[in-house]
Amino acid sequence: MFSRITGIGGFLPGEPVSNDDLARRGIDTSDQWVTSRTGIRFRHLAEGGQSASDLALEASRRALAAAGLAASDLDLIVVATSTPDFIFPSTACLLQSKLGNHGATAFDIQAVCSGFVYALTIADKFVRSGSHRRALVVGAEVFSRILDWSDRATCVLFGDGAGAVVVEASETPGILSSALHADGAHHGILSVPGSICGGKVIGDPFLRMDGQAVFKFAVRVLAEVADECCQAAGVAPADLDWLIPHQANIRILEATAKRMKLPMEKVVVTVDRHGNTSAASVPLALDEAVRDGRIVTGQKVMLEGVGGGFTWGAVLLAF
Ligand code: UT7
């Protein structure tokens, strides 16, 4: 038994917010700086009342419609998020309630920007074991809620959004291989180090990052884990049709493609219009490239994540 992606959906809240819009809102930055250092031109920001489960709901409805399934058909719901609606219950349970599904296994995965590849790998293992047949895998984030809007080195980088896929049991392989890694020794270079105790936030509730350390780490592990995943499936990197790395910075994407000896024409890029949407970035990019007809049946697609923890991983798909 294998698992296959049979439907994809994405959702971005509101209108695009440009770098100039951020500068007009009082952030000491410029379109020239953000574009040249990151490739980011726009991001979407959730309205005050919109939570991760709201964004997840829209993306999930679209993925279910694409798969031709109803929410009641699902027996597994996995949500990757680092910006959950509540401490508990899980965003997966809240999404389940909004979808109107009763009884499916539902839980969250917290692997920050690697969250979607972690969640997809877990769903693949559940489905291939035979215990579950139809899974919904979602990456949903409202990172705008954990940004320090007075820290120009981080607040310009991130955006909000959600992407979802339906994964079904199949006799033909869809997910060919996967690899997940973490090294908690690097937890300090990207974190939100606050906690809640006694009704108060203890410590710092905002995202903090050593940008250059993250940059170097990301470029190294994205190339390594893609190679590992290719080897596990007996696929040469040159035979990949598409590479979809986590969308953090265009320079990270370019450096990864260069290390893998892949032309940028094979890399799906959304960071210019979405910014870094953490766990949502990979399924949003996959959704865009499938809907606009770039990714078609029969192609080999490598999905890759890297993020806080540090965590990293990849999933190789036969689409
Ligand atoms: O999912 C993983 C998430 N994280 C990432 O992907 C981040 C990876 N790292 C990066 O993308 C880059 O390190 C950054 C884009 C965050 C920063 O680029 P950098 O080339 O490493 O710049 P820097 O931090 O060394 O800052 C250079 C200058 C500084 O000014 P001085 O000290 O040279 O006068 C900063 O204060 O740029 C300044 N700066 C800005 N200027 C205008 C930092 N942020 C901004 C800004 N607008 N938004």
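Worth saying up front: this structure is predicted, and the values here are computed from it rather than measured. (Residues numbered from 1 in each chain as written. Predicted model: local features only at pLDDT ≥ 70, side-chain atom pairs only at ≥ 80, totals over all residues. Heavy atoms only, no water.)

## A closer look at the packing of aromatic side chains
Piece 1. Under the criterion given, the structure shown has 4 aromatic pairs.
Piece 2. Ring geometry for Phe-107 against Phe-126: centres 6.0 Å apart, planes inclined by 40°, an arrangement best described as tilted. Here Phe-126 lies in helix H5 (residues 115–129) and Phe-107 lies in strand S5 (residues 105–109), a separation of 19 residues in the sequence.
Piece 3. Within the aromatic cluster, the residues linked to one another by ring pairs are Phe-217, Phe-310 and Trp-312.
Piece 4. Across from the ring centre of Phe-217, 5.2 Å away, lies the NZ or CZ of Arg-220, which sits over that ring. (Phe/Tyr/Trp six-rings, centres within 6.5 Å; stacked < 30°, edge-to-face > 60°. Helix = DSSP H or I, 4+ residues; strand = E, 2+ residues; numbered from the N terminus. Lys NZ or Arg CZ within 6 Å of the ring centre and 35° of its normal.)

## Focus: the sheet that holds S5
Piece 1. Pairing within the open sheet is mixed, and its 5 strands lie in the order S1-S7-S6-S4-S5. Of all strands in the sheet, those bounded by a partner on one side alone are strand S1 (2–11) and S5. Here the strands of the sheet are splayed against their neighbours by 20° on average, with no regard to which way each runs. (Pairing = 2+ DSSP bridges. Axes fitted to C-alpha atoms, helices over the stretch in contact; angles between N-to-C directions.)

## Structural notes on the environment of Leu-120
Piece 1. Position of Leu-120 among the secondary structure elements: in helix H5.
Piece 2. Taking the C-alpha atoms as reference points, Leu-120 and Phe-2, separated by 118 residues in sequence, lie 13 Å from one another.
Piece 3. Excluding its chain neighbours within four sequence positions, the residues that come into contact with Leu-120 are Ile-5, Val-137, Val-165, Val-167, Ile-175, Leu-303 and Val-315. (Contact = heavy atoms within 4.5 Å.)

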